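Okay, here's what each chain looks like letter by letter:
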Amino acid sequence: MICDDSHEAPNAGSASASRLTFMAGRAVHDAAREAREQWSFTDDYHAQVTRQYRAPATTALDPETHSSLPNYCYGYVAQAVEVEVNLLTGQVSVLRIISAHDVGKAINMQQVTGQVEGCLAQALGYALLEHFQVQNGHVLTSHSAPISCPPCSICP
């Protein structure tokens with residue numbers, strides 16, 4: 001096992017957002033369940049159980065086939081955004097956002113709120129501030145895309 005160099009360690013997926021809560025929480029859940037099964041209902045019982053949860057295997061994006069097995073999403077979301085567009089200038093104003101998230105049982109509501117606000121900020125950035133291009137379900141924008149909007153058939 002390699003513990004000190006992330007450049008040489010195998011990719012284990014992100015340890016961010018709800019994924020870490022899910023992964024660590026599942027290990028704790030499984031250990032608690034096994035300890036409970038071993039309990040003989042005596043007052044002097046001390047359980048010692050070690051559990052590890054491994055998420056389903058993932059693979060990197062293949063640059064030729066564009067296929068992979070990514071970390072999958074653990075929640076469901078529905079969003080609606082009301083905008084006002086100045087047809088002369090193209091200026092977009094966001095008037096209202098409705099965002100409904102099925103997060104299951106929230107363990108840390110402050111974290112959930114932060115994730116919701118973060119996903120909305122990221123989505124607004126993609127839509128309004130970046131020239132993020134998708135065609136037929138494939139992202140066309142490279143990670144090294146210029147900050148300024150390149151010419152396209154949509155922009156004058």
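Residues numbered from 1 in each chain as written. Predicted model: local features only at pLDDT ≥ 70, side-chain atom pairs only at ≥ 80, totals over all residues. Heavy atoms only, no water.

### Some words on the overall build of the protein
Right, so step 1: Counting secondary structure elements, the protein contains two helices and four strands.
Right, so step 2: Within the protein, the fraction of its 156 residues that count as buried is 7%.
Right, so step 3: Taking contacts inside the protein between residues at least 6 apart in sequence as the whole, the part at least 24 apart equals 29%.
Right, so step 4: A total of about 13300 Å² of accessible surface is found on the protein, and carbon and sulfur atoms cover 56% of it. (Helix = DSSP H or I, 4+ residues; strand = E, 2+ residues; numbered from the N terminus. Buried < 20%, exposed > 50% of the residue type's maximum accessible area, 1.4 Å probe, protein only. Contact = heavy atoms within 4.5 Å. Areas by Shrake-Rupley, 256 points an atom, 1.4 Å probe, with all protein chains shown as cover.)

### Some points on the pattern of salt bridges
Right, so step 1: What the rule picks out here adds up to three salt bridges.
Right, so step 2: As a salt-bridge pair, Arg-26 and Asp-30 come within 3.1 Å of each other at their nearest N and O atoms. Of the two residues, Arg-26 and Asp-30 both sit in helix H1 (residues 17-38), four residues apart, roughly one turn of that helix.
Right, so step 3: When the shortest N-O distance is used, the salt bridge between Glu-82 and Arg-96 registers 3.3 Å. Here Arg-96 lies in strand S2 (residues 92-102) and Glu-82 lies in strand S1 (residues 76-85), a separation of 14 residues in the sequence. (Salt bridge = Lys/Arg side-chain N within 4 Å of Asp/Glu carboxyl O.)

### Things to note about a nonpolar patch on the surface
Right, so step 1: Residues Val-81, Val-83, Val-85, Leu-87, Val-94, Ile-97, Leu-128 and Leu-129 make up a contiguous nonpolar surface patch of roughly 720 Å² in combined accessible area.
Right, so step 2: Contributing elements (two or more residues each) for the nonpolar patch: S1, S2 and helix H2 (109-129). (Patch = residues over 30% accessible without salt bridge, like charges linked within 9 Å, V, L, I, M, F, W, Y side chains within 5 Å.)

### Structural notes on the pairing of S1
Right, so step 1: The pairing of S1 with S2 spans 10 bridges and is classified as antiparallel. In the sheet register, Gln-79 faces S2, and the bridge partner there is Ser-99. (Pairing = 2+ DSSP bridges.)

### What to know about unusual backbone geometry
Right, so step 1: Positive phi outside glycine occurs at His-66, with the angle close to 60°.
Right, so step 2: Within the fold, His-66 resides in the loop between H1 and S1.

### Digging into the environment of Leu-61
Right, so step 1: Topologically, Leu-61 is positioned in the loop between H1 and S1.
Right, so step 2: In this structure Leu-61 touches His-66, Ser-67 and Ser-68, once residues within four positions along its chain are discounted.

### What to know about the confidence of the model for the protein
Right, so step 1: Per-residue pLDDT for the protein averages 78, and the proportion of residues at 70 or more is 77%.
Right, so step 2: Put simply, strand S4 (residues 138-139) is where the protein has its lowest mean pLDDT, 80, and S2 is where it has its highest, 93. (pLDDT = per-residue confidence, 0-100.)

### Things to note about H2
It helps to recall that an α-helix has 3.6 residues per turn; residues three or four apart then point in one direction.
Right, so step 1: Taking 1.5 Å of rise per residue, the 21 residues of H2 would be expected to cover 30 Å, and the 29 Å separating its terminal C-alpha atoms lies within 8% of that figure.
Right, so step 2: On its buried side, H2 packs onto S1 and S2.
Right, so step 3: N-capping of H2 is provided by Asn-108, with a side-chain oxygen placed 3.1 Å from the backbone N of Gln-110. (Expected span 1.5 Å × (residues − 1). Polar contact = N/O pair within 3.5 Å; in protein donor to acceptor, adjacent residues only side chain to side chain.)

### A few points about the environment of Gly-104
Right, so step 1: One can find Gly-104 in the loop between S2 and H2.
Right, so step 2: The exposed category is assigned to Gly-104, whose relative accessible area is 56%.
Right, so step 3: Put simply, Gly-104 and Tyr-76 are 28 residues apart on the chain and 9.5 Å apart in space, counted from C-alpha to C-alpha.

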